[in-house]
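# Structural description and commentary
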Amino acid sequence: MTVIEDELTRLANRRSFLLSLQRHVLLVNERKVNLGLLVIDVDSFAMINNAHGFAFGDRLLQHLAQQLRKVARSHDAVGRIGDNRFGLVLTGLMNGGHAELAVHKLQRLLDTPFEHGNAKVKISVSVGIALCPQHASQSDHLLRRAERSLATARATGQKYMFPTDGVDDALSDLWDIEIELDSANALGELAMHYQPKVSMHDLRPVGAEALMRWRSSTRGNVSPDVFIPVAEKTGQIKKLTAWAINTALRHASEWVHPWETLSVAVNVPAEMVVQYDLPDLIENALSLWGRPQVGLVLEITERSLIGDPKQSFRILSQIREMGVKISIDDFGTGYSCLAYFKNIPADELKIDKSFIASLIEDSASAEITSLIIDLAHRFNLTVVAEGVEDELTFDALRSRGCDVAQGFLFSKALSSTDFGQWLKQRGKRGQESGVRVP
């Protein structure tokens, strides 16, 4: 079986490891022998990244991968199955004690602190263990039991755990979602919808936000609030984001309208903003689908700028040099910090809809909204208000100098075809004298 490597660690990537696990479990069941699965997670990895930078975190993961290779024997399998999560298949075990010996060997290898540059840390890991066929006789169930053991170890402060009685239904469902999501695009279940963005000055459409939708053949409509965190946890988010950017640009190039340019905004998760290959991903998409009449906007959260500001600013600056604009999404709800405004690599701020929803009746929300608009304009940033649902709110925002509105007052998120029709209808009307729901 051909092993597909993870780019960072050169171990098997998630998909390849899961296929290997499946093959090993089939052999175990056929030959009536035992197998152990270890799921290894780096403790406090987010804190390490925040303290020492993402480049240091990458080196740490590479070091851990090297130690796992020393634990694994020639007939075992090891892979990276998440951001800072690894899997190890131990074949030919006599009992659970042999799995414990593997954990102890890894812990001994990690006793020496890891050093890179001027930083030094002691790597601590938590491990979940499950045995086949004792705990499960199917590969996906075995992985769930190991994951559950890991969660129990963390909750109880243990360094490693075997399964306890009972299976967590919520965890089981998350694994099912992960497996189904991996094939959702190939099955044609994923789609991009577009919510219009309208100029507050003359009601002219200026673009749209691209929003991913998943209509599962078994689950029906699955909320992005459910499947996006799963994708982020399991390493699928990069593939989904690349697909979203390419699809949004392709759709936008097909829209017919009377305006010179329209923008299409795509959400990019925080962990991708500091990755060195994000500019390459954007450049490749633009080379395929970029058109003069289409402006690409990347929407990022404030969190994207906090973990490693130097790296994120550098990456975003490279992307802006391609003519791509950067929008700070949900502004005011996260890590708002005035310090980064002097050199912020952004073109747009989006006021979070929680402020917009209470703008009329809550004086504090109104004051905060006014301050955000004034602050953004002082740094030559465009201001977008999302969640605009009525004319009273629209008028209040326009009187405060807000530039762009997005919300149900104009339209819900539409399929690419329906958004194209919406644009044609707006074009026929020309400039309107008042706000009206299409």
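Residues numbered from 1 in each chain as written. Predicted model: local features only at pLDDT ≥ 70, side-chain atom pairs only at ≥ 80, totals over all residues. Heavy atoms only, no water.

## A short note on the overall build of the chain
Of the regular secondary structure elements, the chain holds 16 helices and 17 strands. Radius of gyration (C-alpha) of the chain: 25 Å, near the 22 Å computed for a compact globule of 438 residues. For the C-alpha atoms alone, the extent of the chain along its principal axes is close to 80 × 50 × 45 Å. Relative to its 438 residues, the chain shows a buried fraction of 52%. Excluding contacts between residues fewer than 6 apart, the proportion of contacts in the chain whose partners are at least 24 apart in sequence is 69%. Of the roughly 20700 Å² that the chain leaves accessible, carbon and sulfur atoms contribute 50%. Of the side-chain charges in the chain, 48 are positive and 54 negative, and the distance between the mean point of each set is 5 Å. (Helix = DSSP H or I, 4+ residues; strand = E, 2+ residues; numbered from the N terminus. Rg over C-alpha atoms; globule rule 2.2 N^0.38 Å. Buried < 20%, exposed > 50% of the residue type's maximum accessible area, 1.4 Å probe, protein only. Contact = heavy atoms within 4.5 Å. Areas by Shrake-Rupley, 256 points an atom, 1.4 Å probe, with all protein chains shown as cover. Lys, Arg positive; Asp, Glu negative; His and termini not counted. Charge placed at Lys NZ, Arg CZ, Asp CG, Glu CD.)

## A word on the pattern of salt bridges
Within the structure shown, the criterion is met by 22 salt bridges. For Lys350, the salt bridge goes to Glu299, with nearest N and O atoms at 3.0 Å. Of the two residues, Lys350 is situated in strand β14 (residues 348-351) and Glu299 in strand β12 (residues 294-301); the sequence distance between them amounts to 51 residues. For the pair shown, Lys350 and Glu299 are each scored as buried. (Salt bridge = Lys/Arg side-chain N within 4 Å of Asp/Glu carboxyl O.)

## As for the sheet that holds strand β6 (residues 125-132)
Whether parallel or antiparallel, the strands of a sheet pair through hydrogen bonds between backbone atoms. The mixed open sheet is built from five strands, whose spatial order is β2-β3-β1-β6-β7. Of all strands in the sheet, those with a lone pairing partner are β2 (77-80) and β7 (160-161), marking the two edges. Pairing of β6 with β7 involves two bridges; the strand directions are parallel. In the strand pairing of β7, Val127 is matched with Tyr160. Sheet strands in contact with helix α4 (residues 96-109) are β1 (34-42), β3 (85-93), β6 and β7, and its direction is about 160° off that of β6. Docked against the sheet, helix α5 (residues 139-156) engages β1, β3, β6 and β7, running at close to 145° with respect to β6. (Pairing = 2+ DSSP bridges. Axes fitted to C-alpha atoms, helices over the stretch in contact; angles between N-to-C directions.)

## Considerations on the packing of helix α1 (residues 14-31) against α5
Orientation of α1 relative to α5, taken along the N-to-C sense of each, is 115°, at an axis distance of 9 Å. Between α1 and α5, the crossing angle belongs to the class labelled roughly perpendicular. Pair α1 / α5 crosses with right-handed handedness. Contacts from Arg14, Leu18, Leu21, Gln22 and Val25 in α1 reach Ser139, Leu142 and Leu143 in α5. Here the residues of the contact of α1 with α5 sort into five nonpolar, two polar and one charged. (Parallel < 35°, antiparallel > 145°, perpendicular 65-115°, else oblique. Left-handed = near helix turned anticlockwise from the far one by under 90°. Nonpolar A, V, L, I, M, F, W, Y, C, P; charged D, E, K, R; others polar.)

## Here we look at the side chain of Asp329
Assignment of secondary structure puts Asp329 in strand β13 (residues 325-331). Within the buried set, Asp329 has no salt-bridge partner at all; the shortest N-O distance to an opposite charge, 4.4 Å, is to Lys350. Ignoring sequence-local partners within four residues, the contact set of Asp329 consists of Asn267, Glu299, Ile300, Thr301, Glu302, Lys350 and Glu386.

## Focus: the side chain of Thr369
For Thr369, the location among the structural elements is in helix α14 (residues 363-378). Not counting residues within four places of it along the chain, the set of residues in contact with Thr369 comprises Ile351, Phe355, Leu359 and Leu397.

## Considerations on α5
Spanning 18 residues, α5 covers 26 Å between terminal C-alpha atoms, matching the ideal 26 Å at 1.5 Å per step. When α5 is considered as a whole, its buried residues turn out to be Ser139, Leu142, Leu143, Arg144, Arg145, Ala146, Glu147, Ser149, Leu150, Thr152 and Ala153. Positioned one or two residues after α5, Gly157 has a phi angle of 80°, which is positive. (Expected span 1.5 Å × (residues − 1).)

## Structural notes on the packing of aromatic side chains
The description of two aromatic rings rests on the distance between their centres and on the angle between their planes. Applying the stated criterion to the full structure yields seven aromatic pairs. Taken together, a centroid distance of 5.0 Å and an interplanar angle of 85° make the contact between Tyr194 and Trp255 edge-to-face. With Tyr194 in strand β8 (residues 190-199) and Trp255 in the loop between α8 (237-254) and β11 (262-267), this pair connects stretches of sequence that are 61 residues apart. Here a set of aromatic residues connected by ring pairs shows up, and it is made of Tyr194, Trp255, Phe419 and Trp422. Of note, Arg250 hangs over the ring of Trp289, and the distance from its end group to the ring centre comes to 6.0 Å. (Phe/Tyr/Trp six-rings, centres within 6.5 Å; stacked < 30°, edge-to-face > 60°. Lys NZ or Arg CZ within 6 Å of the ring centre and 35° of its normal.)

## Examining the nonpolar core
Ranked by size, the top nonpolar core spans 79 residues in total, and within it Tyr194, Ile245, Val264, Ile282, Leu296 and Leu298 carry the most contacts. Of all hydrophobic cores here, the second largest spans 32 residues; its members include Ile48, Ala119, Ile123 and Ile129. (Core = buried A, V, L, I, M, F, W, Y, C linked by side-chain atoms within 4.5 Å.)

## Some thoughts on the confidence of the model for the chain
On average, residues of the chain score 89 in pLDDT, and 92% of them are at 70 or above. Note that residues 431-438 has pLDDT below 50 and, in this model, 18 contacts with residues that lie over four places away or in other chains. (pLDDT = per-residue confidence, 0-100.)

## A closer look at the layout of surface pockets
In this structure, the second largest pocket occupies an estimated 1100 Å³ of space. Around the second largest pocket sit 38 residues that line it, and Glu209, Leu211, Pro224, Asn267 and Asp329 are the ones nearest its centre. For the lining of the second largest pocket, the residue count by class is 17 nonpolar, eight polar and 13 charged. (1 Å grid on protein atoms, 1.4 Å probe; cavity = no way out; pocket = protein on both sides within 12 Å on 5 of 7 lines; lining within 4 Å. Points joined across faces, edges and corners; volume = space filled by probe spheres on them.)

## What to know about the environment of Glu5
By the element assignment, Glu5 lies in the segment before α1. In this structure, the C-alpha to C-alpha distance between Glu5 and Phe17, residues 12 residues apart in sequence, is 9.3 Å. When sequence neighbours within four positions are dropped, the list of residues in contact with Glu5 reads Arg10, Leu11, Ala12 and Asn13.

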